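Working through the structure, step by step
Given next are the chains, with one letter for each unit.
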Amino acid sequence: MLTFSKRRKVNTPYIIPTPNTGNMKLAILSLLAGSAAAFAPSSMMKTSSTSLKAAEDLVGALPPVGFFDPLGFAEKADENTMKRYREAELTHGRVSMLAVIGFLVGEKVEGSSFLFDASIKGPAISHLGQVPEGFWAILLITIGAAEQFRAEKGWVDPSEVPVDQPGLLKSDYVPGDLGFD
């Protein structure tokens, strides 16, 4: 809500609106309190379930938040399903980080890169359409090799998996640990 100040002797013939800072401070404070509550540990979390106990022990559940499952995916999942969820989460997170880095680098080195004879111009969002077709074949082979490595390292051979457990991870495999570090 805006309040209006008294007329001042200035050259403008209208009233100058000034914001009501009390309401603004209250709005900002309530937004901050609401966003902080999203990361507070939940007192209603049930830890008696074996799937939740297995999820809490997975890599990535760190203080101060600990195990964070706001949508309740872990409630009905067994240990193997939770390991697949964590593997998917880490994989998608890594891909998105690489995409952001690629986007930022594309903006920074526009026209000055040794790649593609510096022929790619314009904003990074338009770079994909300018890349030569040969690059896509190389990219596809590289991604396929990385996925093959990840599948051999983490998943049980499909011929040895029971029919009712598709996508079974190896028992000694830690989700996301590809041995690069």
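Because the structure is predicted, anything quoted here is derived from the model rather than measured.

What follows is about the overall build of the protein chain. When helices and strands are counted, the protein chain shows 4 helices and 2 strands. Its helices and strands taken in sequence order, the protein chain reads β-β-α-α-α-α from the N to the C terminus. Within the protein chain, the fraction of its 181 residues that count as buried is 17%. Summarising the internal contacts of the protein chain: among those between residues at least 6 apart in sequence, 37% fall at separations of at least 24. Carbon together with sulfur atoms contributes 66% to the accessible area of the protein chain, which is approximately 14,100 Å² in total.

A cluster of nonpolar residues, Leu128, Trp136, Leu139 and Ile143, forms a patch on the protein surface that exposes about 370 Å² of accessible area. You can see isoleucine 143 is positioned in helix H4 (residues 133-154).

Here we come to the layout of surface pockets. A volume near 1,300 Å³ is recorded for the largest pocket. Surrounding the largest pocket, 35 residues form its lining, Leu98, Ala99, Gly102, Phe135 and Leu139 being those nearest its centre. When residues in the lining of the largest pocket are grouped by element, the largest group, 10 residues, is from helix H3 (residues 79-108). Split by residue class, the lining of the largest pocket holds 23 nonpolar, 8 polar and 4 charged.

Per the counting criterion, the structure on display carries 3 salt bridges. As a salt-bridge pair, arginine 86 and glutamate 89 come within 3.1 Å of each other at their nearest N and O atoms. Residue arginine 86 and its partner glutamate 89 are located together in helix H3, separated by 3 residues, close to a single helical turn. Arginine 86 gets classed as buried once you look at its relative accessible area, which sits at 11%. Its salt-bridge partner being glutamate 87, residue arginine 150 comes within 2.9 Å of it at the nearest N-O pair. In this pair, arginine 150 sits in helix H4 while glutamate 87 sits in helix H3, placing the two residues 63 residues apart along the sequence. Each member of the pair, arginine 150 together with glutamate 87, is buried.

Looking at where threonine 91 falls in the secondary structure, it is placed in helix H3. A distance of 2.8 Å separates the side chain of threonine 91 from the backbone oxygen of glutamate 87, its partner in a polar contact.

Per the counting criterion, the structure on display carries 2 aromatic pairs. Here phenylalanine 73 and tyrosine 85 contribute two aromatic rings whose centre-to-centre distance is 6.2 Å and whose plane-to-plane angle is 65°, an arrangement assigned as edge-to-face. One end of the pair, phenylalanine 73, is in the loop between helix H2 (50-56) and H3; the other, tyrosine 85, is in helix H3, with 12 residues separating them in the sequence. Ring geometry for phenylalanine 135 and tryptophan 136: centres 5.5 Å apart, planes at 70°, overall edge-to-face. Residue phenylalanine 135 is classed as partly exposed on the basis of its relative accessible area, which comes to 30%.

On average, residues of the protein chain carry a pLDDT of 77, and 72% of them reach 70 or more. Mean pLDDT in the protein chain bottoms out at strand S1 (residues 2-4), which sits at 56, and peaks at H4, which reaches 92. Considering only residues more than four positions removed or in separate chains, one finds that residues 43-48, a stretch of pLDDT under 50, has 4 contacts.

A word on the environment of arginine 150. Note on arginine 150: relative accessible area 14%, which makes it buried. Through-space distance from the C-alpha of arginine 150 to that of glycine 176 is 8.9 Å; in sequence the pair is 26 residues apart. Here arginine 150 is in contact with Glu87, Thr91, Trp155 and Leu178, once residues within four sequence places are set aside.

Cut-offs used in this document
Residues numbered from 1 in each chain as written. Predicted model: local features only at pLDDT ≥ 70, side-chain atom pairs only at ≥ 80, totals over all residues. Heavy atoms only, no water. Helix = DSSP H or I, 4+ residues; strand = E, 2+ residues; numbered from the N terminus. Buried < 20%, exposed > 50% of the residue type's maximum accessible area, 1.4 Å probe, protein only. Contact = heavy atoms within 4.5 Å. Areas by Shrake-Rupley, 256 points an atom, 1.4 Å probe, with all protein chains shown as cover. Patch = residues over 30% accessible without salt bridge, like charges linked within 9 Å, V, L, I, M, F, W, Y side chains within 5 Å. Salt bridge = Lys/Arg side-chain N within 4 Å of Asp/Glu carboxyl O. 1 Å grid on protein atoms, 1.4 Å probe; cavity = no way out; pocket = protein on both sides within 12 Å on 5 of 7 lines; lining within 4 Å. Points joined across faces, edges and corners; volume = space filled by probe spheres on them. Nonpolar A, V, L, I, M, F, W, Y, C, P; charged D, E, K, R; others polar. Polar contact = N/O pair within 3.5 Å; in protein donor to acceptor, adjacent residues only side chain to side chain. Phe/Tyr/Trp six-rings, centres within 6.5 Å; stacked < 30°, edge-to-face > 60°. pLDDT = per-residue confidence, 0-100.

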